[in-house]
Amino acid sequence: MKKVSIVFLLSFGLLLGNLFSVASEAFASENIGQASNVDLRTMTFNLRYLNTYDQSPHTWEERRPTIREVIRMERPEIFGTQEGVYQQVMDIDADLPEYDWIGEGREGGTKGEFMAIFYKKERFTPLEYDHYWLSDTPDQVGSISWGNTIPRMVTWIKFLDRKTNQQFYFVNTHFDHQSAEAREKSAELIVKKAKEEFNPELPVILTGDFNTAPNSVPYQILTSEGAFVDLWMSAETRINEELGTFNGFRDPTGGGPNRRIDWILSKGNVTTKTIEILDYRKNGQYPSDHYPVIADVTLHY
């Protein structure tokens, strides 16, 4: 099924996805528990949404080739993006044909910002996927509940790694920037969904712009109650420890460590070799107003 049909025909796509999942699960389930590891390079990247007021050299059309350059340079095998609207997601799709993607606009269909997940299509097969909204009614498209004025959401995919025949989950989100209650409730909902709806034997990678500092209440909910691990803290090697991740197109420090608001978390038997806040700039141009975070992880089975 083509990517566009995933967006425009979500209900139909979910039906086909569920049918495909049955056959794929039958093939892949016998491999769960085999002794093997999955080495994975992953990234989280807030793209900065398309608008008419970002000044040169930070318009989308000017930044687009730099983003393509960063992704090709770093070669993540799976990455989650935040804030990109449909045109931006399609631009990245055109620029990076080695990837496929799954996502939906936070206002439904192609409307609003996407929590898109891009993956190397020659290596990974999506077995299941879904979207839910960070509200009291998570199955209601575009719903809000907790003091936020714009919808926030989650996209997740259950993948089969064809190199090892192992499975894992990849989850991508963007927490609200204004409402502290929304961020806390969002963390609680992600914990609840992961516990109730995911296979507990499989590892989970969670990426996102969480719009809050480390050791905040949402961070504690995810890392304590949800038993997620902040890969920044567990990595053997951390690069650019002195930086934050929100540069605002003007601050090379990214706001410092207390503004490390873009995270890669894991759940299950996952180790991290290296994690980096990538402060790449080109002739004074920032690829985005957020620095991407890149991690080399191993999923153990």
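Here is a short report on the structure shown in this document.

The rules behind the values
- Residues numbered from 1 in each chain as written.
- Predicted model: local features only at pLDDT ≥ 70, side-chain atom pairs only at ≥ 80, totals over all residues.
- Heavy atoms only, no water.
- Axes fitted to C-alpha atoms, helices over the stretch in contact; angles between N-to-C directions.
- Helix = DSSP H or I, 4+ residues; strand = E, 2+ residues; numbered from the N terminus.
- Parallel < 35°, antiparallel > 145°, perpendicular 65-115°, else oblique.
- Left-handed = near helix turned anticlockwise from the far one by under 90°.
- Contact = heavy atoms within 4.5 Å.
- Nonpolar A, V, L, I, M, F, W, Y, C, P; charged D, E, K, R; others polar.
- Expected span 1.5 Å × (residues − 1).
- Buried < 20%, exposed > 50% of the residue type's maximum accessible area, 1.4 Å probe, protein only.
- Pairing = 2+ DSSP bridges.

A word on the packing of helix 5 (residues 180-197) against helix 6 (residues 217-225)
Line of reasoning, step 1. Where helix 5 meets helix 6, the closest approach of the two axes is 8 Å, and the angle between their N-to-C directions is 15°. The angle between helix 5 and helix 6 places the two elements in the roughly parallel class. Both helix 5 and helix 6 take part in a crossing whose hand is right-handed. Contact residues: Arg183, Glu184, Ala187, Glu188, Ile190, Val191 and Lys195 in helix 5; Val217, Pro218, Ile221, Leu222 and Glu225 in helix 6.
Line of reasoning, step 2. Residues belonging to the contact of helix 5 with helix 6 are distributed by class as follows: seven nonpolar, no polar and five charged.

Concerning helix 3 (residues 60-74)
Every α-helix winds through 3.6 residues per turn, so residues three or four apart in the chain are directed the same way.
Line of reasoning, step 1. Across its 15 residues, helix 3 extends 20 Å between first and last C-alpha, which sits within 8% of the 21 Å expected from 1.5 Å per residue.
Line of reasoning, step 2. Buried within helix 3 we find Trp60, Arg63, Arg64, Thr66, Ile67, Val70, Ile71 and Glu74.
Line of reasoning, step 3. For helix 3, the elements touching its buried residues are strand 1 (37-46), strand 2 (78-82), helix 4 (86-95), strand 3 (99-102) and strand 13 (293-300).
Line of reasoning, step 4. In the stretch just after helix 3, Arg75 is the one whose phi turns positive, near 55°.

Re the sheet that holds strand 2
Line of reasoning, step 1. Reading across the sheet, the seven strands line up as 3-4-2-1-13-12-10 and stay open at both edges, with mixed pairing between neighbours. Sheet topology places strand 3 and strand 10 (237-239) at the edges, where each strand pairs with a single neighbour. Going across the sheet, the axis of each strand differs from the next one's by a mean of 20°, ignoring polarity.
Line of reasoning, step 2. Two strands pair when backbone bridges link them, and strand 12 (residues 270-277) and strand 13 are joined in this way by seven bridges, in the antiparallel orientation. Within the sheet, the bridge partner assigned to Glu276 lies in strand 13 and is Ile294.
Line of reasoning, step 3. Packing of helix 3 onto the sheet brings it into contact with strand 1, strand 2, strand 3 and strand 13, and relative to strand 1 it is tilted by some 165°.
Line of reasoning, step 4. Against the sheet, helix 4 contacts strand 3 and strand 4 (117-120), and its axis sits at roughly 160° relative to strand 3.

Focus on the sheet that holds strand 11 (residues 262-267)
Line of reasoning, step 1. Spatial ordering of the open sheet is given by 5-6-7-8-11-9, a layout of six strands whose pairing is mixed. Each edge of the open sheet is held by one strand with a lone partner, namely strand 5 (124-133) and strand 9 (229-230).
Line of reasoning, step 2. Across eight bridges, the pairing between strand 6 (residues 153-161) and strand 7 (residues 166-174) is antiparallel. Counterpart to Thr155 in the pairing with strand 7 is Asn172.
Line of reasoning, step 3. Strand contacts of helix 5: strand 5, strand 6, strand 7, strand 8 (204-209) and strand 11, with the helix running at about 135° to strand 5, the strand carrying the most contacts.
Line of reasoning, step 4. Together, strand 8, strand 9 and strand 11 form the strand contacts of helix 6, whose direction differs from that of strand 11 by roughly 20°.

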